[in-house]
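# Structural features, examined
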Amino acid sequence: MIDKLLPLPIATAEAFHDAPLTAMFPEEREAVAAAVPQRQKEFGTVRGCARAALAELGMPPAPLLPGPDRAPVWPDGIVGSMTHCTGYRAAAVARSSDMRAIGLDAEPNEPIDDPGVIALVTLPAERAQLPRLADLEPDICWDRLIFSAKESVYKAWYPLTRRWLDFEEAHLTLDPTDATFTARLLVPGPVVDGREITEFSGRWLVEAGLVMTAVVVPG
């Protein structure tokens, strides 16, 4: 499904069931040895997805380990993003000559029940969109979609800045007519090729009980 959101030459792979732990490289098993079994399974399966996507780019299989900041360390010349939620794992990769960054996120298409969490992850202007959007498409959990889109924005932002981006530091606008969104940065953005990025654009998809979002920064 995720390939519907991302343009070529980005390579993608996804899984709906976890692979056995033995499919991981020994270094990967060691990296999550202290984690609960479910965390080990999702860690290994999403890295299997990433390796399958990397193989499409002609990259040999290799361990994909988290760095000191917990972000995945990609092979030289590669950018990518991984996501996992209940029942779904996916990865997207590209050559850094084609894309500067990729942000990918998947979440269950379920409402965020805690008002405190909604207040934490959305701005007042974003919450003001929710009633109108719910009237248009009541089967879409728009609060969860905003959360997912901000996660994708962060995953694209971080490799370019190596800085945290809080939920309130980007203002998200959803366009239900073409399943796109824009995130206007409320803090100084990363500079790419001498140009400051002031907003990120992305696409979203609701399918198979999931909300999926993706952001790309072209090379």
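For clarity, every value in this text was computed on a predicted model and none was experimentally measured.

### Concerning the sheet that holds strand β6 (residues 180-185)
Taking strand neighbours across the sheet as the criterion, the 5 strands line up as β4-β10-β9-β6-β5 in an open arrangement whose pairing is antiparallel. Edge positions in the sheet fall to β4 (99-108) and β5 (170-175), since each of these pairs with one other strand and no more. Between one strand axis and the next, the sheet turns through 20° on average, direction left out of account. Across 6 bridges, strand β9 (residues 199-207) lies against strand β10 (residues 210-218) in antiparallel orientation.

### Focus on the pattern of salt bridges
Applying the stated criterion across every chain, the model contains 8 salt bridges. In this structure, glutamate 207 engages lysine 4 in a salt bridge whose closest nitrogen and oxygen atoms are separated by 2.9 Å. Remark: lysine 4 occurs in the segment before β1 (11-15) and glutamate 207 occurs in strand β9; sequence separation between them is 203 residues. Owing to a relative accessible area of 45%, lysine 4 belongs among the partly exposed residues under this scheme. For the salt bridge of glutamate 28 with arginine 51, the shortest nitrogen-to-oxygen distance reads 2.6 Å. With glutamate 28 in helix α1 (residues 26-31) and arginine 51 in helix α2 (residues 37-56), the pair connects residues that are 23 residues apart, well separated along the chain. In terms of burial, glutamate 28 and arginine 51 fall into one category: buried.

Reading guide: rules and limits
- Residues numbered from 1 in each chain as written.
- Predicted model: local features only at pLDDT ≥ 70, side-chain atom pairs only at ≥ 80, totals over all residues.
- Heavy atoms only, no water.
- Pairing = 2+ DSSP bridges.
- Helix = DSSP H or I, 4+ residues; strand = E, 2+ residues; numbered from the N terminus.
- Axes fitted to C-alpha atoms, helices over the stretch in contact; angles between N-to-C directions.
- Salt bridge = Lys/Arg side-chain N within 4 Å of Asp/Glu carboxyl O.
- Buried < 20%, exposed > 50% of the residue type's maximum accessible area, 1.4 Å probe, protein only.

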